[in-house]
Structures are given as C-alpha cells and as structure tokens.
Amino acid sequence: MQANQLDAGFLMWDIRRFANIDAFPPDRRVVIHFFLNDARQRERHWWLVVANREIDLCREDPGHELTLVVEASVASLTEIWTGDSDPDAEQQARRLLIRGSTRDSRDLWQWLGRSVFAASRSVNAHPL
C-alpha cells in the first residue's frame, strides 16, 4: 500500500458509515478524536461524535469532552480497517496510539467495526 494511494477523507467517511451504532454506550456521548499524523494538513483532524443513536463526523472540533484520542498514520488506520493488520500489532509497532480510559480503548474496535471486506483479508483469517 503506497501513501499516495491513500485518502484520509474516504477512510474516515467509510469508518463513520459502517460504525456499529448498537455497540456504543446508549447512555452517554462518545467523542473520538482521530489525529492522522501523516495526512495532508486539512485532513489530519477528525472527530467522530456518537450521541442519541446518531453518528456525526466532524472536521472541526465540536467542543465536546473527548472520550478517546486515536493517533495513527493513514496507512496504519487503513490497514486496521481493511483487516490487513490488527490494532494490537499496530500499537506494538508504535504506529497506533490510543489515549483514554482502558474500558473505552478496549471497546473502540467493537464500536468502529471493520470494513465489509476485512473478514476475508484479516491477518487472523489466514494463519501462517
């Protein structure tokens, strides 16, 4: 995967579109700030806001208290999203940093899910 082939905006809208609304806590607002450290300047910051069973994706800070901060390269987050890598491997390689409570950090990937193609591409689906 080459960096010039990646699109931070497309990735974030895909994550927003397929996020598992039923997995988010129904009794509180969840705000996830994504910092894509290698994206073009205007595409580095994204906020996913989930409240009242609705999901919004913002390109400007909505001003709510943050639940989690996810820092990654576009390639790293794309590889997690598509199933080409997993969050633990990306964290161990220091290409993914998640800041927030342990519980919310653990639940993040259930909330977000994965791309519809991830099951067939998953690194765990093809053991060596």
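Read on for a plain summary of the structure. (Residues numbered from 1 in each chain as written. Predicted model: local features only at pLDDT ≥ 70, side-chain atom pairs only at ≥ 80, totals over all residues. Heavy atoms only, no water.)

1. Some thoughts on the environment of Asp61
Tracing the backbone through its elements, the reader meets Asp61 in the loop between strand S3 (54-58) and strand S4 (68-72). Considering only alpha carbons, one finds Asp61 and Trp47, 14 residues apart in sequence, at a separation of 6.7 Å. At 2.8 Å, the side chain of Asp61 and the backbone nitrogen of Gly63 are in polar contact. (Helix = DSSP H or I, 4+ residues; strand = E, 2+ residues; numbered from the N terminus. Polar contact = N/O pair within 3.5 Å; in protein donor to acceptor, adjacent residues only side chain to side chain.)

2. Looking at the packing of helix H1 (residues 8-18) against helix H2 (residues 74-82)
Contact geometry of H1 with H2 gives a least axis separation of 10 Å together with a crossing angle of 35°. The two elements H1 and H2 meet at a crossing, and its hand is left-handed. Contacts between H1 and H2 involve Ala8, Leu11, Met12, Asp14, Ile15 and Phe18 from the first element and Val74, Leu77, Thr78 and Trp81 from the second. Classifying every residue of the contact of H1 with H2 by side-chain character gives eight nonpolar, one polar and one charged. (Axes fitted to C-alpha atoms, helices over the stretch in contact; angles between N-to-C directions. Left-handed = near helix turned anticlockwise from the far one by under 90°. Contact = heavy atoms within 4.5 Å. Nonpolar A, V, L, I, M, F, W, Y, C, P; charged D, E, K, R; others polar.)

The values reported here are purely geometric and, on their own, carry no functional implication.
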